[in-house]
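Listed below, chain by chain, are the residues.
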Amino acid sequence: MTITCFEVKGHEVNNMAVFKMCGSRLLQCFLLFLCLLSGSGVTAQGTFNWASYYGNHMVLQQGPHRAVLWGYGEVGATVNVSSTSGGFYSTKVYEGYDGRGVWKVTLKPTAYGGPYQFQGVHDNHGMLQWILLKDVMFGDVWVCSGQSNMAFTVRQGFNASYAIAEAADFPDIRLFTAELVQSDKPLYDLDKIMQPWSVATSDSVGGADWKYFSAVCWFFGRDLYNHLGYPIGLVATSWGGTPVEAWSSPQVLKKCNITNREEPEDLQYEGPEVGGPSGHSVLWNAMVHPLLNMTITGAIWYQGEANTGHPDTYSCSFPGMIDSWRKEWYMGTGGQTDAYFPFGFVQLSTTGTPLSTGNLGYPAIRWHQTADYGYVPNPAMPNVFMAVAVDLPDAKSPFGSIHPRDKQDVASRLVLAARAVAYGETDVMFHGPRPVSVDVDVSTKNIDWIYPKAMNITVKSKDGFEVCCSPDLSQCSMTSQEWVPVPIVFHTSSSVTTLVTLILYISDFPLRCAAPQTCPSVPCRLRSGFQSRSCSTPPLQ
């Protein structure tokens, strides 16, 4: 039997819990007790550890879900874990996928609160090793992922000084940021960590540009905490300039018939966050797959710019990625993460100057982000919510117009949607106006969009609606040059009227394409801002 003591400074050890871990081995327990009384512990010698993303100050998922703790040890050894929150757990170390000894325990459902302390003892044929987690809270854990607009930090946004200064007012929000790593094969633990679990402070929230902490993630967590009033854990794992294919599993890409590794769109901005890896599944392997043993509430996502150059497959790959993440997280946590956990995303904002037509891939991505429905949740994307950002452009952003600095409004909209979709609140208005009917007046060439009166809509610009008409509907793809604006000429608090002036010559006959009515020969599509849908129209006389 061997027990090795080493100096431990500042550890508050629950001695009775350690005695319980020792079981009937009184001599080992006595010697371990002497170590603890002398201000020493039991050395892990590099063999007994928590997984990389478990650490002091972290948040574990509250009940009714059951949080998972896991780590490394010698194959065949016994690991006992106890906590000041109650509960005692014992398991054996088994051989993991990469040959290392792995252990895992699933905690009992624990209500939000804390702080708590976890102690683990590793018994390998009488040799005891000890590890500790301190200041652990239970609450809701959210993963924040995507490309540069998710990596965009609090320090880079509007009102940064105030937001950073007030961060210390939220000690129950805890932050974690994964390092930028890619891999050609799935990893089972994070290879590197940029920011270990940290209590919210001006330092942990106000890190360097493009480092930490994610602005959208922080403001989402802050506003959610202000509403819910219990601990929130935020796990940021994002990389600028990366396409959805890098974050998707090989199974998703195969299902969507995506075989070529296309280069991401040129984002027209020279910065350190642009030009991330575009290889298929390399970020799924290195920055998502390692997290699958962590029980979570849900995820939020801000990505799509890197796919605007080839948007057509996004309507398959993005919903497919969500389905895959859900399936794998459910299995990775032994069913403790919901099989349809809530997933929120940000629709892409506009780029360039207000009068710029911009990249036609952007409206295409916005449409495909909803699996071509124009709204979420929908049958293809259940329990999914979104924040619209098309009305939040920032042509003067020093980081390029592709990176709007207003992340507070984006996060506020995500929280409103999360309250309705993720938390089941029924009295939250969380989406934009959706028309209940569309009427066409052939004589005036007007289209009347009728909305629910309760919406009380506000029109900020007369622009935003477009139509495309062609005898071949394939000519009206989201990236087609055939789309033309139709201005708003009248509006009320529950209706919008647009005027159609488009003239098309088909078989030498001029036709004016109007709106979503049926016409057997003239297919037409109409889109408004971030939404579009197929329609076909009669000729106007």
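Our structure's up above, just so we're on the same page.
Let us look at the structure shown here. No experiment lies behind these values; they were computed from the predicted model shown. (Residues numbered from 1 in each chain as written. Predicted model: local features only at pLDDT ≥ 70, side-chain atom pairs only at ≥ 80, totals over all residues. Heavy atoms only, no water.)

### Description of the sheet that holds strand 22 (residues 488–492)
Next up, step 1: Spatial ordering of the open sheet is given by 18-19-23-22, a layout of 4 strands whose pairing is antiparallel. The open sheet has two free edges, formed respectively by strand 18 (437–441) and strand 22, since each of these has just one partner strand. Each strand axis lies, on average, 15° off the axis of its neighbour in the sheet, ignoring direction.
Next up, step 2: Bridge analysis of strand 22 against strand 23 (residues 495–499) gives 4 bridges, and the strand direction is antiparallel. Across the sheet, residue His491 finds its bridge partner in strand 23, namely Val496. (Pairing = 2+ DSSP bridges. Helix = DSSP H or I, 4+ residues; strand = E, 2+ residues; numbered from the N terminus. Axes fitted to C-alpha atoms, helices over the stretch in contact; angles between N-to-C directions.)

### Some details on the packing of helix 6 (residues 215–228) against helix 11 (residues 407–421)
Next up, step 1: Relative orientation of the contacting elements helix 6 and helix 11 amounts to 50°, with a least axis distance of 8 Å. The pairing of helix 6 with helix 11 is recorded here as oblique in orientation. Read as a crossing pair, helix 6 and helix 11 show a hand that is right-handed. Note on element contacts: helix 11 touches helix 6 through Lys407, Gln408, Val410, Ala411, Ser412, Leu414, Val415, Ala418 and Arg419, opposite Ala215, Val216, Phe219, Phe220, Asp223, Leu224 and His227.
Next up, step 2: Here the contact of helix 6 with helix 11 is composed, by residue class, of 10 nonpolar, 3 polar and 3 charged. (Parallel < 35°, antiparallel > 145°, perpendicular 65-115°, else oblique. Left-handed = near helix turned anticlockwise from the far one by under 90°. Contact = heavy atoms within 4.5 Å. Nonpolar A, V, L, I, M, F, W, Y, C, P; charged D, E, K, R; others polar.)

### Describing the state of the cysteines
Next up, step 1: With the rule as written, the count across this model stands at 2 disulfides.
Next up, step 2: Across the disulfide, Cys144 is cross-linked to Cys217 (sulfur-sulfur distance 2.1 Å). With the S-S bond torsion at 65°, the cross-link from Cys144 to Cys217 turns out right-handed. Of this pair, Cys144 sits in strand 11 (residues 127–146) while Cys217 sits in helix 6, and the two are 73 residues apart along the sequence. (Disulfide = S-S within 2.5 Å.)

Purely geometric numbers; function is a separate question.
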